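Inside the fold
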Amino acid sequence: MPDIAESDEYPIYNYAAHAAEFRLEGIAPSSVVYAIEGADWRSVKRVSDFDRPQKVSFGPGEMKLYLVAPRVPAAWRLRADATDGRVDVGLTLDSFNMPWPLEVTIGRPDGEEVYHVYRATNRAGRWQETFALGSNAKPGNYTVTVKVLAGGDLARTIFDYRPRLATAQPLSDKVRVFDEAAIRGFLAGKPEVRIAIGGDAQRIAAEKLQGALAATGVRADVVAQSEIVRKARYPRVWDPYIKIHKPQGAEQQPPAEVKAIANIETSDDGRQVARTADGHELSEWRKPGTLLSVVGSGFIDFDVEKFYEPGCVLFIRDDSQAAVLKGEPVEVQSTDDIRQKWSRPWTRLNSFVGTDKLCPQLPEAYSVDSHLILFGDSKSGELAAALQASDLLLEVADEKYPGPGKALVSFAWSPFAVEKNVIFIGASDAAGVEAGIGRLVELAR
């Protein structure tokens, strides 16, 4: 890559092929060497002259891997053991112990693929994994095929899968516990935990839980979520220069009928707030026909990453995008002061789907430096809502499930910080919270 000044644009990808010559040093003469190549690493070939200088060409964005082994594997042993709802697959490298790349497929009786994954043996030359098949999968002979990516060998085995049909069972217990072994093991270590509450309505239950845990040797304190959580600021990635709309030039007429008028700003906590002249907050300000005047400390349109100073005027078109009626974009360098001024805490979780919007995800979006206990449902506090929306829990609680007076007790590994875990008591009413607390205390004894 060429030298690129800090203020210049960076190319997204390595934009040209590159030829290079290098040596593979320190390899015993009796070894076998494989080159794994291509932008997607789908090309694998054996290197016969690895003791000589390698003259190779790299495609745009390509990296190469070299697998060095003492000899060619002699044999592979593949097994597949099916039980209710799953199959346990294992493969062993017979001749020696080392990692080796694999391509694994599991096919149904009709030939359709159920799984197609890339894996590797561990340093002991073994790979084992359990794949879920479900109780409603088609019965019959399933095929497991493992392609040894370096060497080209194939291992295949067939297993007969006869699932038992699942039947609905009523939830008779007041409390359903997930990951009970993990919860018991975690509490047995007598960790320091923080019972994080979303509001004063939870304080009495939290203090009751604090006292009960103290009797078991678990040290806990009660703290408001707002005091301990840190939110990621957005945008996360900045261009060397950005354009900020300043209230310059004459104000243009709206291109269509004005149906609502409001002031808008992005508040210090990251919320986009639009209010009418009488103080009424518009929950859906992006409706076509809305005329918006930027006030406060400015407005950030997160959807398109545009920045507007106070005094700018916007109009929401029929496509729900903002047309600028007053304001001209001015290019400024993205200094530290500019980044601090024009970033805000991110207020919702998103999944990255391959666009240029690098939205915060757990554990970065909401960061906490301690083990936590949370309880309630998604209306009880921001952390509970984020955790239930993150797909980390097997089940979530709302006003209909698990039902009045019932609770779900779950364990989440490192949702808000690495090596800082969360126990969540999911319940929609006070009786459910009380039942969940009682069950959690039993697990702590």
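Above this text is the structure in question.
The text that follows walks through the structure, step by step, so that each part is easy to find. (Residues numbered from 1 in each chain as written. Predicted model: local features only at pLDDT ≥ 70, side-chain atom pairs only at ≥ 80, totals over all residues. Heavy atoms only, no water.)

**Notes on helix H1 (residues 180-188)**
- Of the positions making up H1, those classed as buried are Ile 183, Phe 186 and Leu 187. Projected down its long axis, H1 shows its buried positions confined to an angular sector of 90 degrees, all on one face. Opposite its buried face, H1 presents the exposed residues Ala 181 and Ala 188, each directed more than 90 degrees away.
- Taken together, the buried residues of H1 touch strand S13 (175-177), strand S14 (192-197), strand S29 (371-376), strand S30 (407-417), strand S31 (420-426) and helix H6 (430-444). (Buried < 20%, exposed > 50% of the residue type's maximum accessible area, 1.4 Å probe, protein only. Helix = DSSP H or I, 4+ residues; strand = E, 2+ residues; numbered from the N terminus. Arc of directions from axis to C-beta. Contact = heavy atoms within 4.5 Å.)

**Some words on the pattern of salt bridges**
- All told, the structure shown has 30 salt bridges when counted by the stated rule.
- With a closest N to O distance of 2.6 Å, Asp 84 and Arg 164 form a salt bridge. Residue Asp 84 is found in the loop between strand S6 (76-83) and strand S7 (86-93), and its partner Arg 164 is found in the loop between strand S12 (154-161) and S13; the two are separated by 80 residues along the sequence.
- On the accessibility criterion, Asp 84 (39% relative accessible area) is partly exposed.
- Its relative accessible area of 61% is what places Arg 164 among the exposed residues.
- Put simply, Glu 180 and Arg 184 hold a salt bridge, and the shortest N to O gap is 3.0 Å. Here the residue Glu 180 and the residue Arg 184 both occupy positions in helix H1, the gap between them amounting to four residues, near one helical turn.
- The exposure class assigned to Arg 184 is partly exposed, which follows from its relative accessible area of 34%.
- One network of salt bridges, in which partners are shared, links Glu 37, Lys 45, Glu 62 and Lys 64. (Salt bridge = Lys/Arg side-chain N within 4 Å of Asp/Glu carboxyl O.)

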